[in-house]
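Architecture and fold: a report
Take a look at the letters that make up each chain.
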Amino acid sequence: MAIIGIVGTPYHTVDKTPFWWNKVTYTRQSFIDVFQTLGHTVLILPVDQPEKAEVYLQLVDKIVLTGGADVSPQYYGEEPHFKLETTDPIRDAFEFAIIDAALKFHKPILGVCRGLQVLNVYFGGSLYQDLSQTTSQIKHRQSPTPQEFPTHHVLVDQQSSLSFLPEQYFVNSFHHQAVKNLGEGLKAIAHGTDGLVEAIENKEKGVLAVQWHPECTWTTEAFDRQIFEYFANRSL
Ligand SMILES: [Mn+2]
């Protein structure tokens, strides 16, 4: 049994009703459900000062970085493109520190969506700030199609950690950014049929990340559930 630390998503917009005008830190229930169903224990880690990252890291065996705001382009040396959406430099800084700590103490990291993008930037890569900067004609933001439905295909490297997925796998998609230049030491292990990176890894460092959202599909898509099993059971 592993203790899984999920860095929480700060929701600091107070003019909407979902949390009764409260600022909150949240994570999707489906992340909690999948790990609890698999017999693991989940801790949601609030964003804190980067200097505190190691304190949190000592409490858990593995780290999950989830979806959310765009990574601030200052971290990969670009000015904000006019299609850049909400950013959260405080979360960026804490997640970079959590990655530092996880690598230092040899604890595996799973990135999902923004989590993949944060990891890519951490390792020195860059992002398309908006998919309009690419030639892709694929709809990577499937909304309003519900999150539990896969909508586009990815081609999976059968020599990678994700080799348990079919070579052509059907995934959901809720992103408007994507990997531009790959970070140092990372390998792109799944691509959309448009060539965009849909999964990355660094096997030696225990880093694995997907651009889609298996937390939304794990109850119906056995292979997506297997991603969480693989991550929770892996040791470096
Ligand atoms: Mn996609």
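Our subject is the structure that appears above.
Residues numbered from 1 in each chain as written. Predicted model: local features only at pLDDT ≥ 70, side-chain atom pairs only at ≥ 80, totals over all residues. Heavy atoms only, no water.

For the structure shown, the criterion picks out 13 aromatic pairs. A ring pair is formed by Phe 35 and Phe 228, whose centres lie 5.4 Å apart and whose planes are at 90 degrees; its orientation type is edge-to-face. Note that Phe 35 is positioned in helix H1 (residues 29-37) and Phe 228 in helix H5 (residues 222-233), a separation of 193 residues in sequence. Of the two residues, Phe 35 and Phe 228, both sit in the buried class. When the centroid spacing of 5.9 Å and the interplanar angle of 85 degrees are considered together, the rings of Tyr 169 and Phe 223 count as edge-to-face. Here Phe 223 lies in helix H5 and Tyr 169 lies in strand S9 (residues 168-171), a separation of 54 residues in the sequence. For Phe 223, a relative accessible area of 34% corresponds to the partly exposed category. An aromatic cluster of three or more residues is present, and its members are Phe 31, Phe 35, Phe 228 and Phe 231. Here the guanidinium or amino end of Lys 62 rests over the ring plane of Phe 231, the centre of that ring lying 5.8 Å away. (Phe/Tyr/Trp six-rings, centres within 6.5 Å; stacked < 30°, edge-to-face > 60°. Helix = DSSP H or I, 4+ residues; strand = E, 2+ residues; numbered from the N terminus. Buried < 20%, exposed > 50% of the residue type's maximum accessible area, 1.4 Å probe, protein only. Lys NZ or Arg CZ within 6 Å of the ring centre and 35° of its normal.)

Looking at the element boundaries, Arg 91 is found in helix H3 (residues 89-104). Owing to a relative accessible area of 1%, Arg 91 belongs among the buried residues under this scheme. Excluding residues that lie within four positions of it along the chain, Arg 91 makes contacts with Val 7, Gly 8, Thr 9, Pro 10, Val 47, Thr 66, Gly 67, Gly 68, Ala 69 and Arg 114. (Contact = heavy atoms within 4.5 Å.)

Read these as geometric descriptors, not functional statements.
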